[in-house]
Amino acid sequence: MAEPMKTWVDGREVEVPNSIPDIRAALPEKRRAEFDRAVGEAGVHEIHAVMRHWMFEAVPDAEADAIEQRLLQDEAERRDAL
């Protein structure tokens, strides 16, 4: 089982889903097929970014987009360093 993650949304602490089943369950039904496709099509180098994108989408937050962009940039820089 994945270690629980938490973040703050509108001044309150909330759990962030961080496994494929938990993220899928937290998404609106109409977004689940897209999530399934994204996870199913992700390669080994993309899966972390795909998971981060969807876990933050499952917990709507105005700051999440900025955090996601920073994480994606960090990951791209790490890959470039390899």
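Because the structure is a prediction, the values reported are computed rather than measured.

What counts as what
- Residues numbered from 1 in each chain as written.
- Predicted model: local features only at pLDDT ≥ 70, side-chain atom pairs only at ≥ 80, totals over all residues.
- Heavy atoms only, no water.
- Axes fitted to C-alpha atoms, helices over the stretch in contact; angles between N-to-C directions.
- Helix = DSSP H or I, 4+ residues; strand = E, 2+ residues; numbered from the N terminus.
- Parallel < 35°, antiparallel > 145°, perpendicular 65-115°, else oblique.
- Left-handed = near helix turned anticlockwise from the far one by under 90°.
- Contact = heavy atoms within 4.5 Å.
- Nonpolar A, V, L, I, M, F, W, Y, C, P; charged D, E, K, R; others polar.
- Salt bridge = Lys/Arg side-chain N within 4 Å of Asp/Glu carboxyl O.
- Buried < 20%, exposed > 50% of the residue type's maximum accessible area, 1.4 Å probe, protein only.
- Pairing = 2+ DSSP bridges.

**Q** How should I be thinking about the packing of helix H2 (residues 29-41) against helix H3 (residues 47-58) in this particular structure?
**A** Two numbers describe a pair of packed helices, the interaxial angle and the distance between the axes. Closest axis-to-axis distance for the H2/H3 pair is 10 Å, and the angle between their directions is 165 degrees. Classed by the angle they form, the pair H2 and H3 counts as roughly antiparallel. In terms of crossing hand, the pair formed by H2 and H3 is left-handed. Of H3, the residues touching H2 (which contributes Arg 31, Glu 34, Phe 35, Ala 38 and Val 39) are Ile 47, Val 50, Met 51, Trp 54 and Glu 57. Counted by class, the contact of H2 with H3 contains seven nonpolar, no polar and three charged residues.

**Q** Looking at this structure, I do not really get the pattern of salt bridges. What am I missing?
**A** Oppositely charged side chains can form a pair if their charged atoms are brought close together. On inspection of all chains with the given rule, the structure shows six salt bridges. Between Arg 24 and Asp 36 there is a salt bridge, with its nearest N and O atoms 2.8 Å apart. Of the two residues, Arg 24 sits in helix H1 (residues 20-26) while Asp 36 sits in helix H2, which places them twelve residues apart along the sequence. Its salt-bridge partner being Glu 75, residue Arg 52 comes within 2.4 Å of it at the nearest N-O pair. With Arg 52 in helix H3 and Glu 75 in helix H4 (residues 64-81), this residue pair connects regions lying 23 residues apart in the sequence. Comparing Arg 52 with Glu 75, the two get one shared label, buried. Among the ionic contacts, a cluster of salt bridges with common partners joins Arg 31, Glu 34 and Glu 57.

**Q** Can you help me understand the pairing of strand E1 (residues 5-9) in this one?
**A** A regular strand carries its side chains on alternate faces of the sheet. Note: E1 against strand E2 (residues 12-16), five bridges, orientation antiparallel. Paired with Val 9 across the bridge in E2 is Arg 12. Hairpin connection from E1 to E2: two residues lie between these consecutive antiparallel strands, with Asp 10 at a positive phi of about 50 degrees.

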